[in-house]
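# Coordinate analysis (summary)
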Amino acid sequence: MKMIIKNISKIVQVGIGDKKFIESKNLDKINTIDDGYIEIEGSKIKDYGSMKNWKGISDWNNTEIIDAEGGCVFPSFCDSHSHLVFSEPRHKEFVLRIKGHSYEEIAKQGGGILNSADSLEKISENELYEISLKRLNNVIKYGTGAIEIKSGYGLSLSSEMKILRVIKRLKKNTEVKIKSTLLAAHAIPKKYFGKKQDYVKLILEKIIPAVCDENLADYIDVFCEKNYFDTYDTDKILKCGIKYGLKPKIHVNQFNSLGGIETAIKNNAISVDHLEVINDQDIDNLKNSNTIATLLPSCSFFLNMPYAKAKKLISNNIKINIASDYNPGSSPSGNMNFVSSLACIKLKLTPNQVINATTINGAHAMEISDNYGSIDIGKKANIFITKRISSYDYLHYSFTENIIKSIILNGKIV
Ligand SMILES: [Zn+2]
């Protein structure tokens, strides 16, 4: 099956070739083509260019023509950090926080992640699959074409496996590209209060081997934070994951800088995620590493907390990408369109910087930039067409308005 999209006012993020990511010093540059066309064959991009060079159609068999009617075409968002497989929203805690209780205070009282773990234990795998599929379809509508999804609301062998099996089913049954991450070390479960090392032992000896036995995860994650897992625990869990073929991507420096960035880099982490709190030592460590920083502005927005210092990271040429952190406690939205606006408004990045950070660099943080994250010949046809807009910056300016008119994933209209 062939598809031709014509009359595109601007093809955005096109022709970056085999670059795996965009370095921060070049983050403000985006390639575009005015008045363009894109040709798709099967699931991949076959050709693109300016309408004036378009050769037309010689073979109409199995060819679908889409008129973009002057809309822009973007590569789909690559959201490298989400927790969208959860059982219940946590709006009660939202109200508690409005009344003055802190996120940490609520967590200490058995709320937060532990609350999510309780309700996840009760829900059946089928039910969890159905509600997660709805959430996934919803984020696709806002332009996401590749996403990483974590476990971490199970906190027991059976519940962690339940989440990861659901992610595996989502991978199989949807057109969106999915990577999965084992995050058993998301919090200390209630029955291990005062016995954290026993829970770490369970992760090392039971959960990681069982997950890998069923081939359920690509990455290993740890919430390296005060009252959660320290750098000693983090190092042990990452090393065990690596032994089983899982690469590290970790939650670090959200509330405190404990040296977790250094631990992650020493274990060749693909990414370090959050970084709302960062010191000069962390910056130095990141500068000299291959690890990419994942920034999560909608989490800061929702918790009304400081934002990551994106400009400081960029001025030090530290690689960055921007993701949604979609989860019930601190970012109950996977709308990358809104995340992009927040990145402009709150991280003070230009729309060009945000496009690179949410497409090719997001793909890099999931190790899929060979096939996703830009409009290039041979890459997967994961793109969206906007309504007619006067400039592509409009996407970032017009926050909460969904300007997407059509979505194509794997060469199919979804
Ligand atoms: Zn997260």
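Above this text you will find the structure in question.
Attention in this report is confined to the structure presented alongside it. (Residues numbered from 1 in each chain as written. Predicted model: local features only at pLDDT ≥ 70, side-chain atom pairs only at ≥ 80, totals over all residues. Heavy atoms only, no water.)

### Some remarks on the side chain of Asn361
For Asn361, the position within the fold is in helix H14 (residues 360-364). Separated by 2.9 Å, the side chain of Asn361 and the backbone oxygen of Ile320 make a polar contact. Leave out the neighbours within four places in its chain, and Asn361 touches Phe21, Ile22, Leu27, Ile292, Ile320, Asn321 and Asn356. (Helix = DSSP H or I, 4+ residues; strand = E, 2+ residues; numbered from the N terminus. Polar contact = N/O pair within 3.5 Å; in protein donor to acceptor, adjacent residues only side chain to side chain. Contact = heavy atoms within 4.5 Å.)

### Some points on the nonpolar core
Grouped together as the largest cluster of nonpolar side chains are 110 residues, with contacts concentrated most on Leu182, Ile237, Leu275, Leu295 and Leu313. Ranked by residue count, the leading element in this core is helix H6 (residues 196-213), at eight residues. Setting aside residues up to four positions removed in sequence, Leu313 forms contacts with Leu275, Ile278, Ile283, Leu286, Ala293, Leu295, Ile318 and Ile320. Residues Ile33, Ile38, Ile383 and Ile385 belong to the second largest nonpolar core, which totals 17 residues. (Core = buried A, V, L, I, M, F, W, Y, C linked by side-chain atoms within 4.5 Å. Buried < 20%, exposed > 50% of the residue type's maximum accessible area, 1.4 Å probe, protein only.)

### With respect to the coordination of the zinc ion
Protein ligation of the zinc ion involves His81 (NE2), His83 (NE2), His251 (NE2) and Asp325 (OD), the donor distances falling in the range 2.1 to 2.3 Å. Metal-centred angles of 85 to 170° between the four donor atoms at the zinc ion mark the site as irregular. Mapping the donors of the zinc ion onto the primary sequence gives the spacing H-x1-H-x167-H-x73-D. Of this pair, His251 sits in strand E10 (residues 247-252) while Asp325 sits in the loop between strand E13 (320-322) and helix H12 (336-345); the two residues are 74 residues apart in sequence, bridging distant segments of the chain. By the burial criterion, His251 is buried, and Asp325 matches it. (Donors = N, O, S within 2.8 Å, 3.2 Å for Na, K, Ca; no water. Tetrahedral: all angles 85-135°; square planar, octahedral: opposite > 155°, others 65-115°.)

### Describing unusual backbone geometry
Unusually for a residue other than glycine, His274 sits at a positive phi of about 105°. The backbone of Asp325 sits at a positive phi, close to 60°, despite the residue not being glycine.

### Re the pairing of E10
Burial analysis of E10 places five of its six residues in the buried class, the great majority of the element. Across four bridges, strand E9 (residues 219-224) lies against E10 in parallel orientation. For Tyr219, the partnering residue across the bridge sits in E10 and is Lys247. The handedness of the E9 to E10 crossover, carried by helix H7 (residues 231-243), is right-handed. Pairing of E10 with strand E11 (residues 271-274), which is carried by four bridges, proceeds in the parallel orientation. Bridging across to E11, Ile250 finds its partner in Val272. (Pairing = 2+ DSSP bridges. Right-handed = clockwise from strand over helix to strand, strands pointing away.)

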